[in-house]
Amino acid sequence: MNPIDLLKALISIPSLNPEDTDQQHWVGEARMVEWTEAYLTPLGFKCEVVEGTPGRPNLVARAGAHDPTRRVLIEVHSDTVAIDNMTVEPFIGLEKD
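Residues numbered from 1 in each chain as written. Predicted model: local features only at pLDDT ≥ 70, side-chain atom pairs only at ≥ 80, totals over all residues. Heavy atoms only, no water.

> For the overall build of the protein, give the residues involved together with the corresponding values.
Along the protein, the regular secondary structure elements total 2 helices and 2 strands. N-terminal to C-terminal, the α/β element order of the protein is α-α-β-β. Along the first, second and third principal axes, the C-alpha set of the protein runs to 50 × 35 × 20 Å. Classification of the 97 residues of the protein by burial places 21% in the buried group. Across the protein, every contact between residues at least 6 apart in sequence was considered, and the portion connecting residues at least 24 apart equals 44%. Surface summary for the protein: the accessible area is close to 7600 Å², and the carbon and sulfur share equals 54%. Computed over 8 positive and 16 negative side-chain charges, the separation of the two mean positions in the protein equals 10 Å. (Helix = DSSP H or I, 4+ residues; strand = E, 2+ residues; numbered from the N terminus. Buried < 20%, exposed > 50% of the residue type's maximum accessible area, 1.4 Å probe, protein only. Contact = heavy atoms within 4.5 Å. Areas by Shrake-Rupley, 256 points an atom, 1.4 Å probe, with all protein chains shown as cover. Lys, Arg positive; Asp, Glu negative; His and termini not counted. Charge placed at Lys NZ, Arg CZ, Asp CG, Glu CD.)

> Give a description of the packing of aromatic side chains that names residues and reports values.
Going through the model one piece at a time under the given rule, you end up with 2 aromatic pairs. Here tryptophan 26 and phenylalanine 91 contribute two aromatic rings whose centre-to-centre distance is 5.2 Å and whose plane-to-plane angle is 70°, an arrangement assigned as edge-to-face. Highlighted residues: tryptophan 26 in the loop between α1 (3–11) and α2 (30–40) and phenylalanine 91 in the segment after β2 (56–62), separated in sequence by 65 residues. For phenylalanine 91, a relative accessible area of 10% gives the class buried. Seen from their ring centres, tryptophan 35 and tyrosine 39 are 5.2 Å apart, and the 10° between their planes marks the pair as stacked. In this pair, tryptophan 35 and tyrosine 39 are both assigned in helix α2, 4 residues apart and thus about one turn of the helix distant. For tryptophan 35, a relative accessible area of 24% translates into the label partly exposed. (Phe/Tyr/Trp six-rings, centres within 6.5 Å; stacked < 30°, edge-to-face > 60°.)

> I'd like a description of the environment of leucine 10, backed by residues and values.
Secondary-structure assignment places leucine 10 in helix α1. In this structure, leucine 10 is in contact with Met32, Trp35 and Thr36, ignoring residues within four places of it in sequence.

> Please provide a residue-by-residue account of the packing of α1 against α2, values included.
Running from N to C, α1 and α2 cross one another at 150°; their axes reach a closest spacing of 10 Å. In terms of orientation, α1 lies roughly antiparallel with respect to α2. Along the contact surface, α1 presents Leu6, Ala9 and Leu10, while α2 presents Met32, Trp35, Thr36 and Tyr39. (Axes fitted to C-alpha atoms, helices over the stretch in contact; angles between N-to-C directions. Parallel < 35°, antiparallel > 145°, perpendicular 65-115°, else oblique.)

> I'd like a rundown of unusual backbone geometry, residues and numbers included.
Unlike most non-glycine residues, asparagine 85 shows phi in positive territory, near 70°. With respect to the helices, strands and loops of the structure, asparagine 85 is situated in the segment after β2.

Rendered as structure tokens:
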């Protein structure tokens, strides 16, 4: 998957922070975690879902040696900021200009 298609796929996954909306059908990181795990596993990553807060899972994905001598950590948010008052559809990954 090329980077633009990857970004569009990620943008299309509703994962609103529950504090930012009353629209429960868009709340939570579970869809993002499920999609990312399904994407990374066939690429050889060992994935583990960790649920520190009920209903708000995180994904730990590891690549490489089981017990490496050095590590790189990439940490990202899987929730989406509020979409109130947006002037474009928030989950379509609009590519423009």
